[in-house]
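Chain residues, written in single-letter form:
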Amino acid sequence: MKEVINTKSAPAAIGPYSQAIKVGNLGYTSGQIPIDPTTGNFVDGGIKEQTRQSLLNVQAILKEVGLSMSNVIKTTVFLADMNDFTCR
């Protein structure tokens with residue numbers, strides 16, 4: 001059975017999709033952008049701050065269904081500038 005997941009701890013979906021869908025013991029999250037759910041605004045700063053906020057949003061959605069980052073099996077990251085991609 002499919003369950004639609006929503007939490008106020010992450011930005012609301014802006015369009016005809018859900019923050020996440022849970023099917024059985026799997027959760028599928030939608031893409032997240034660096035919006036602070038408490039203000040509704042993009043976070044200040046650069047790529048580090050934006051990445052952190054995006055991941056905090058994913059973490060909040062996962063928590064809503066009883067999961068954590070350790071349960072993640074696949075991610076996709078889109079960058080506007082490849083200069084922001086480094087392996088440190």
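Presented here is an overview of the structure given in this document.

What counts and how
- Residues numbered from 1 in each chain as written.
- Predicted model: local features only at pLDDT ≥ 70, side-chain atom pairs only at ≥ 80, totals over all residues.
- Heavy atoms only, no water.
- Helix = DSSP H or I, 4+ residues; strand = E, 2+ residues; numbered from the N terminus.
- Buried < 20%, exposed > 50% of the residue type's maximum accessible area, 1.4 Å probe, protein only.
- Contact = heavy atoms within 4.5 Å.
- Areas by Shrake-Rupley, 256 points an atom, 1.4 Å probe, with all protein chains shown as cover.
- Lys, Arg positive; Asp, Glu negative; His and termini not counted.
- Charge placed at Lys NZ, Arg CZ, Asp CG, Glu CD.
- Core = buried A, V, L, I, M, F, W, Y, C linked by side-chain atoms within 4.5 Å.
- Pairing = 2+ DSSP bridges.
- Axes fitted to C-alpha atoms, helices over the stretch in contact; angles between N-to-C directions.
- Expected span 1.5 Å × (residues − 1).

### Examining the overall build of the protein
Point 1. Helix and strand counts for the protein come out as one helix and five strands.
Point 2. Each helix (α) and strand (β) of the protein, taken in turn from the N terminus, gives the series β-β-β-β-β-α.
Point 3. Principal-axis analysis of the C-alpha atoms gives the protein an extent of 40 × 30 × 20 Å.
Point 4. Considering the protein as a whole, with its 88 residues, one finds that 22% of them fall into the buried category.
Point 5. Sequence-distant contacts in the protein: of pairs separated by 6 or more residues, those separated by 24 or more amount to 32%.
Point 6. Surface accessibility of the protein: about 6900 Å² in total, with carbon and sulfur atoms responsible for 56%.
Point 7. Taken as two groups, the 8 positive and 7 negative side-chain charges of the protein have centres that lie 8 Å from each other.

### Remarks on the environment of V43
Point 1. If you trace the backbone, V43 turns up in the loop between β5 (41-42) and α1 (47-64).
Point 2. For the pair V43 and S68, spaced 25 residues apart in sequence, the C-alpha separation works out to 23 Å.
Point 3. With sequence-adjacent residues up to four places away left out, V43 is seen in contact with P34, D36, E49, Q50 and Q53.

### As for the nonpolar core
Point 1. Formed by I5, A10, A20, A60, I61 and V65, the largest nonpolar core amounts to six residues.
Point 2. When residues no more than four places from it in sequence are discounted, the contact partners of A10 are Q19, Q32, P37, N57, A60 and I61.

### Observations regarding the pairing of strand β3 (residues 26-29)
Point 1. Examined bridge by bridge, strand β2 (residues 20-23) and β3 share four bridges and lie antiparallel to one another. Considered in β3, the bridge of V23 is made with L26.
Point 2. Taking the residues that link successive antiparallel strands as the turn, the β2-β3 hairpin has two residues, and the phi of G24 there is positive, at about 65 degrees.

### Examining the sheet that holds strand β1 (residues 2-5)
To summarise the sheet geometry, strands pair through backbone hydrogen bonds and adopt either a parallel or an antiparallel arrangement.
Point 1. Strand order in this open sheet of three strands is β1-β2-β3, and the pairing throughout is antiparallel. With one partner strand each, in any of the chains shown, β1 and β3 form the two edges of the open sheet. Across the sheet, the mean angle from the axis of one strand to that of its neighbour is 20 degrees, orientation sign disregarded.

### Side note on α1
Point 1. Helix length check: α1, at 18 residues, gives a terminal C-alpha distance of 26 Å against a target of 26 Å (1.5 Å per residue), a fit within 8%.
Point 2. Turning to α1, its buried residues number three or more, namely Q53, S54, N57, V58, A60, I61 and L62.
Point 3. Structurally, α1 contributes buried residues whose contacts are with β1, β2, β3 and β4 (35-36).

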